[in-house]
Each structure stands twice: as C-alpha cells, then as structure tokens.
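Fold and geometry: a report
One letter stands for each residue in the lines below.
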Amino acid sequence: MIRLDRVTKSFGSVEALQDVSLEVAPGEFVAIVGASGCGKSTLLRLVAGLVRPSAGHVALDGRPVTEPRAETAMVFQAATLLPWADVLRNVTFPLRLMRRAGGDTEARARALLATAGLAGFEHRLPRELSGGMQQRVAICRALLQDPRVLLMDEPFGALDALTREEMSLELLRIWQGREMAVVFVTHSIPEAVLLADRVVVMSPRPGRIAEIIPVELPRPRGFEQEGLPAFQAAARRIRALIYGGRAAHAA
Ligand SMILES: Nc1ncnc2c1ncn2[C@@H]1O[C@H](COP(=O)(O)OP(=O)(O)O)[C@@H](O)[C@H]1O
Ligand SMILES: [Mg+2]
C-alpha cells in the first residue's frame, strides 16, 4: 500500500535519508526507531506528501505521492491544536477544511472523544487541558478523518510514562477495529515492540534502514507480554542495532 522505493532525501549537503526502500501493507502497524537525526521524521513527511524525495519514489496504492492526501492523517509530537477553538471544533477542523464534514461528523467526533476519555470536555479550550489530554484530542482529530494511513511522529513523547502506556493500549484497541496502516515513530524500544508488526531500525548519517525486525507476538497485545522470550529477543536485537556493542547493557 505504502511503498518507498530507493528514496534519498537531501537538505542542502545533508543527506537525511539514503536509499531507503520500505513497503507497508494495508492494516499493518510498523514502528520506526533510531537515534535523533537519522531521518525518521523526514521519512514520515515523505509518506505524508509534505516533502518530495531527492531521488527514488514514494507511492500510495501505486500512485506517486506528490501532495498531502485525504486518506492520510498525521499526528505530531506536540498536539498542534488551534488555541481559540474548543475541543470539538479542533477535532472536526480537518474535515471541515477539506469539505468532507457530513451530518454525522459531530456525532462521530463525540463518540471518538468519549473513547479517548474526553467526554464532557467537548467545549473546553486546549489551554484548559493537560498535555496528555491535548494529545488525545490530536489523535481523535486524526482518527475522525478515518485515514487508511495514520502517520505518528513520537506522538506520546511529551506524555508521562503512565499516560503513555494507557495511550498505547488505547491506540491498539482503536487500530484493531479498523483497516488502517500505522507508521509510528518512537524513541521507546518497548513501545515499538508492544505495538508493531514490524520494527524498522534506522541508522544515522546518512539515514538508512539498518534492519527490519518482525515481532512475533499474538494480538491483542498487552504489557504482560514484556516478559515473553519473543518480546525480549526483539527488544535485544533492536538495542544491539542501535547501540552496536556499546552501552547495550546499561540501555
Ligand atoms: N527542513 C530541513 N532542512 C534542513 N535539514 C533538515 C530538514 N529536516 C531535517 N533535516 C536534517 O535531516 C536529518 C534528519 O532529520 P529528521 O528526519 O528530523 O530526523 P529524526 O526525526 O530521526 O530525528 C537531520 O540531520 C536534520 O537536521
Ligand atoms: Mg523526528
């Protein structure tokens, strides 16, 4: 469904990505991990159609991605809500902007907010919410678009550890009920293993795919699986790739 074919992206003399090829199937959950600066955000922005490759091809359903598409939604690390609009208007904003809002849009938005634990907050402004709640609003906003591709760039990075674990499980529950491919960038190796069908490990300077690790754990997933040999083997392999020989034990 998503296909990157030998993609290189340079910014001036900086090669952010070099010769990256990756395919993501419909409904697949792919996590991307790697050190800062190895091109993770650039990869997402290419798939989102926000930037164009310097060489190679990015395609969605066999069509080249040349601009943002209605079937793709993105969640950034910071919630990026409109400060003057209430929660409900923030969540429905992209659909209204794309003139895709229908008679059931508000009801669907309210249902999604309820799922995210935000019932009763529909008419609050972003500044009246905690960081975790704001991020849940941003995720609802993306999901309301009913995207076939959800791109998430360290979406839980600003959250405390407990909220983060709760949100991961909530995301899995929502994903499980839809045919939606997710590409999820994270710094957390356990989060990547918990969530993903495959974990793409990237190496820096220039950004390349070091290895793709399949995660052989049954679904539905939960943190109790962290103790399983398959979980630990995947996490250990990812750590080894990221840290090489060094600091693998302290990590
Ligand atoms: N718009 C840009 N202009 C110039 N350099 C950029 C731009 N975006 C990213 N880069 C550079 O490309 C490299 C990869 O960046 P990025 O994709 O943000 O990495 P990551 O998300 O893995 O931390 C970095 O060296 C970064 O400085
Ligand atoms: Mg980034």
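I will try to describe carefully the structure that is included in this document. (Residues numbered from 1 in each chain as written. Chains lettered and ligands numbered in written order. Predicted model: local features only at pLDDT ≥ 70, side-chain atom pairs only at ≥ 80, totals over all residues. Heavy atoms only, no water.)

Quick word on the nonpolar core
Generally speaking, nonpolar side chains in soluble globular proteins are found buried as a group. As a reminder of what qualifies: Here, nonpolar core refers to any group of buried Ala, Val, Leu, Ile, Met, Phe, Trp, Tyr and Cys residues whose side-chain atoms link them within 4.5 Å. With a 1.4 Å probe rolled over the protein chains alone, any residue whose accessible area is under 20% of its type maximum counts as buried; one over 50% counts as exposed, and the rest are partly exposed. We count a stretch as a helix when DSSP gives it H or I for four or more residues in a row; a strand needs E for two or more, and each element gets its number in order from the N terminus. Throughout, the edges of the domains are those of an automatic or database domain assignment. Residue contacts are defined here by distance: any two heavy atoms, one from each residue, within 4.5 Å place the two residues in contact.
Counting 52 residues, the largest nonpolar core has F29, L150, V193 and V199 as its most contacted members. Tallying contributions element by element places helix 4 (residues 131-144) first for this core, with eight residues. Shared between two domains, this core takes at least three residues from each, and those domains are domain 1 (1-71 + 148-251) and domain 2 (81-146). Once residues lying within four places of it in the same chain are set aside, the contact partners of L150 are A73, V75, A142, L143, L171, M180, A181, V182 and V183. Among the nonpolar cores identified, the runner-up in size contains 28 residues, and M1, V24, L46 and V149 belong to it.

Some details on the pattern of salt bridges
We count it as follows: A side-chain nitrogen of Lys or Arg and a carboxyl oxygen of Asp or Glu constitute a salt bridge if their distance falls within 4 Å.
Inspection of the entire model under this criterion finds 14 salt bridges. Note that R198 and E28 form a salt bridge whose closest N and O atoms lie 2.5 Å from each other. Of this pair, R198 sits in strand 9 (residues 198-203) while E28 sits in the loop between strand 2 (14-24) and strand 3 (29-33), and the two are 170 residues apart along the sequence. A salt bridge links R173 to E170; the nearest nitrogen and oxygen atoms lie 2.8 Å apart. Note that R173 and E170 are positioned in helix 5 (residues 161-176) at a spacing of three residues, about one turn of the helix. Taken together, the shared-partner salt bridges in this structure form one network comprising R6, D19 and R208.

Remarks on the site of ligand 1
Rules: We call a residue near a molecule or strand whenever a single non-hydrogen atom of that residue lies within 4 Å of it. Counted as a polar contact is a pair of N or O atoms within 3.5 Å, where, for protein atoms, one must be capable of donating a hydrogen and the other of accepting one, and residues adjacent in sequence contribute only when both atoms are in side chains. Per-residue and other accessible areas were derived by the Shrake-Rupley procedure at a 1.4 Å probe size, with only the shown protein chains allowed to occlude residues.
Every residue lining ligand 1 is accounted for by F11, V14, A16, A35, S36, G37, C38, G39, K40, S41 and T42. In this structure, an oxygen atom belonging to ligand 1 sits 2.7 Å away from a main-chain N or O atom of G37. A distance of 3.2 Å separates an oxygen atom of ligand 1 from a polar backbone atom of C38. Protein burial of ligand 1: of its 560 Å² of free accessible surface, 57% is covered by the chains. Taken together, the elements giving at least two residues each to the shell around ligand 1 come down to strand 2 and helix 1 (40-48).

Regarding the sheet that holds strand 9
Under the convention used in this document: One bridge is not enough; two strands pair if DSSP finds at least two bridges between them. Helix axes use the C-alpha atoms of the stretch in contact, all axes being lines fitted to C-alpha atoms, and the angles between their N-to-C directions lie in the range 0 to 180 degrees.
Spatially, the six strands line up as an open sheet ordered 6-7-8-3-9-10, and their pairing is mixed. Of all the strands in the sheet, the pair left with one neighbour each is strand 6 (72-75) and strand 10 (208-214). Pairwise comparison of adjacent strand axes, ignoring direction, gives a mean angle of 15 degrees for this sheet. As paired strands, strand 3 and strand 8 (residues 181-185) are joined by four bridges and run parallel to one another. Note on strand 8: the bridge partner recorded for I32 is V185. Along the sheet face, helix 5 touches strand 3, strand 7 (149-153) and strand 8 and points at about 145 degrees away from the line of strand 3. In the packing of helix 7 (residues 229-243) onto the sheet, contacts are made with strand 3, strand 9 and strand 10, and the angle to strand 10 comes to roughly 170 degrees.

Regarding a nonpolar patch on the surface
For the record, the criterion: Distance thresholds for patches are 9 Å for like charges and 5 Å for nonpolar side chains (Val, Leu, Ile, Met, Phe, Trp, Tyr), applied to residues having over 30% relative accessible area and no salt bridge.
Taken together, F93, L97 and M98 make up a surface patch of nonpolar side chains, about 270 Å² in accessible area. By secondary structure assignment, the location of F93 is in helix 2 (residues 87-97).

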